[in-house]
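An overview of the molecular structure
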Amino acid sequence: MRAIVKTGDGQVGLQEVADLPEPGPGEVTVNVAATAICGTDRNEIAGTTGMIPRILGHEVCGVVAAMGDPLPGIPLSASIGDRVVLETDAYLCRSCHWCRTEQFNRCEKRTGIGRTAHGGLAEQITIRADAVHRLPENVTLLEGALLEPLAVAVHSVLEGPFNVGPDSTVVVIGPGTMGHLCAQVATAVGARVIVVGLDRHEERLAVARETGAFATVSTGADDVRALLSEVTDGMGADYVFECSGSVSQVVDGLSYLRKGGMLGLVAFYRDPLVVDAMTIMQNELGVVGCRGKRPSSFRTALALLRNGHLSLEPVIGSVRSMDEWDEAVDEVSRGVKVVITPGGTPLDRDLPPRLQRG
Ligand SMILES: [Zn+2]
Ligand SMILES: [Zn+2]
């Protein structure tokens, strides 16, 4: 089969690899229809960490092609022919505290598809039988490729110590894919969401407004604080979700909070964070890390989609084949959300005109 394979530092490309064997006990094989790529995939290109050689791709959606024999204790959550999305845990110890309480993102021994196990930028992938979730009828395979980042947004906004709901005012910093999805999840549970970006993000801020954000701001931190003051009677935001990866935005984000407010760190950060500890102490602020997702995050994400609370298609910026890998990576570095169609299964609906090329 054809796959996008990393063979060494900086070396990633389309290759012919061996076809997958029949799935073993407790496994399923999926014909991949759509795999979205993100900044993580782009970062994976450089460096020698993770499994090498390996097939990249961790945001995967497709159709179940084959199932191995059932294993005791591992529920089969789909049948052959079902359209499914995949969790990303390839191996779990299933015996640690975190595994026993379904907090798989915290298992020390877990391996993840696309990084420490083969991923879904290929015609097929084999994974744990309990790692697939059936897609609701009203969600396309193309949109299904965004379920993994959507599950991360659900985990960040709804499964941490925050209490986001109809009375909340929420600021989301960074109108990339994670920012859009966090904003939509907070909006879906009734919060008033302000999305913050830069001048050059106007197009993406327009997507945030189209998909339910209360307001967007691209003119600097002073304007964010002024708007917050106006809409919260001078109190400030209940919660801030930082999705840009910039530590200076974290510092600005803390200044948007009301007393007792909390900031979630959703992005990856290269630089150390320097903050005024007295600001955190005096205002009783909380700073919380939000990492990965759990089976519960997928279940909630799918329920929100089934009930029509989210719109994923506007978040997708481009659809490409595996032959166009280089162009796809280029688009990801420009902040575009790209979905690759590895071709094992045709998409179940024609692409919307906006996403058709040529
Ligand atoms: Zn990703
Ligand atoms: Zn474990």
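Our subject is the structure that appears above.
Described below are features of the structure shown in this document. (Residues numbered from 1 in each chain as written. Chains lettered and ligands numbered in written order. Predicted model: local features only at pLDDT ≥ 70, side-chain atom pairs only at ≥ 80, totals over all residues. Heavy atoms only, no water.)

A short note on the pattern of salt bridges
This structure, assessed with the given rule, holds 17 salt bridges. Residues Glu-87 and Arg-128 are paired through a salt bridge, measuring 3.6 Å at the closest nitrogen-oxygen approach. In this pair, Glu-87 sits in the loop between β6 (83-86) and β7 (89-91) while Arg-128 sits in strand β9 (residues 124-128), placing the two residues 41 residues apart along the sequence. Using a relative accessible area of 8% as the deciding quantity, one classes Arg-128 as buried. The salt bridge involving Arg-94 is made with Asp-130; its shortest N-O contact spans 3.1 Å. Of this pair, Arg-94 sits in the loop between β7 and α2 (97-100) while Asp-130 sits in the loop between β9 and β10 (132-134), and the two are 36 residues apart along the sequence. (Salt bridge = Lys/Arg side-chain N within 4 Å of Asp/Glu carboxyl O. Helix = DSSP H or I, 4+ residues; strand = E, 2+ residues; numbered from the N terminus. Buried < 20%, exposed > 50% of the residue type's maximum accessible area, 1.4 Å probe, protein only.)

What about the coordination of the zinc ion (ligand 1)?
The coordination sphere of the zinc ion (ligand 1) contains the protein donors Cys-38 (SG), His-58 (NE2) and Glu-59 (OE), at a distance range of 2.0 to 2.2 Å. Binding-site remark: the zinc ion (ligand 1) is held by donors from one chain whose sequence spacing is C-x19-H-E. Residue Cys-38 is found in the loop between β3 (27-37) and α1 (39-45), and its partner Glu-59 is found in strand β5 (residues 59-67); the two are separated by 21 residues along the sequence. Like Cys-38, the residue Glu-59 is buried in the burial classification. (Donors = N, O, S within 2.8 Å, 3.2 Å for Na, K, Ca; no water.)

Describing the sheet that holds strand β14 (residues 237-242)
Read from one edge of the open sheet, six strands run β13-β12-β11-β14-β15-β16, paired in parallel fashion. Only two strands of the sheet have a single neighbouring strand rather than two, namely β13 (215-217) and β16 (286-289). Put simply, the sheet's adjacent strands are angled 20 degrees from each other on average, direction ignored. Sheet analysis places strand β11 (residues 169-173) next to β14, joined by four bridges and oriented parallel. Within β14, the residue paired with Val-172 across the bridge is Phe-241. Its contacts with the sheet place helix α8 (residues 247-255) against β11, β14, β15 (257-265) and β16, and it is angled at close to 150 degrees to β15. (Pairing = 2+ DSSP bridges. Axes fitted to C-alpha atoms, helices over the stretch in contact; angles between N-to-C directions. Contact = heavy atoms within 4.5 Å.)

Here we look at the coordination of the zinc ion (ligand 2)
Protein coordination of the zinc ion (ligand 2) is provided by Cys-93 (SG), Cys-96 (SG), Cys-99 (SG) and Cys-107 (SG), with donor distances spanning 2.3 to 2.4 Å. Geometry at the zinc ion (ligand 2) is tetrahedral, judged from its four donor atoms and the angles of 101 to 118 degrees they form at the metal. In primary-sequence terms, the residues that donate to the zinc ion (ligand 2) follow C-x2-C-x2-C-x7-C. With Cys-93 in the loop between β7 and α2 and Cys-107 in the loop between α2 and β8 (111-112), this residue pair connects regions lying 14 residues apart in the sequence. (Tetrahedral: all angles 85-135°; square planar, octahedral: opposite > 155°, others 65-115°.)

Quick notes on the sheet that holds strand β1 (residues 2-8)
Strands sit in the order β2-β1-β4 across an open sheet of three strands; the sheet is antiparallel. The two strands at the open ends of the sheet, each matched to only one other strand, are β2 (11-16) and β4 (54-55). Sheet analysis places β1 next to β2, joined by six bridges and oriented antiparallel. Considered in β2, the bridge of Gly-8 is made with Gln-11.

Some details on the nonpolar core
With 53 residues, the main nonpolar core has Leu-147, Leu-150, Val-164, Val-170, Val-172 and Phe-241 as its most contacted residues. Those residues within four positions of Val-170 in sequence are excluded, and the remaining contacts are Val-164, Ala-186, Ala-191, Arg-192, Val-193, Ile-194, Tyr-239 and Phe-241. Counting residues in each nonpolar core, the second largest holds 20 residues, with Val-217, Tyr-256, Leu-257 and Leu-265 among its members. (Core = buried A, V, L, I, M, F, W, Y, C linked by side-chain atoms within 4.5 Å.)

Here we look at the packing of aromatic side chains
The tally for this structure, following the rule as stated, stands at two aromatic pairs. Centre to centre, the rings of Phe-162 and Tyr-239 are 5.7 Å apart; their planes meet at 80 degrees, and the pair counts as edge-to-face. Of this pair, Phe-162 sits in the loop between α4 (147-158) and β11 while Tyr-239 sits in strand β14, placing them 77 residues apart in sequence. Under the relative-accessibility criterion, Phe-162 is labelled buried at 7%. Between Phe-162 and Phe-241, the aromatic rings sit 4.8 Å apart at their centres with planes inclined by 70 degrees, giving edge-to-face as the arrangement. Of the two residues, Phe-162 is situated in the loop between α4 and β11 and Phe-241 in strand β14; the sequence distance between them amounts to 79 residues. Since its relative accessible area comes to 0%, Phe-241 is described here as buried. One aromatic cluster is present, formed by Phe-162, Tyr-239 and Phe-241 through successive ring pairs. A cation over an aromatic ring shows up here: Arg-106 above the ring of Trp-98, its NZ or CZ 5.0 Å from the ring centre. One residue, Arg-192, lies across the ring of Phe-214, its end atom 5.5 Å from the ring centre. (Phe/Tyr/Trp six-rings, centres within 6.5 Å; stacked < 30°, edge-to-face > 60°. Lys NZ or Arg CZ within 6 Å of the ring centre and 35° of its normal.)

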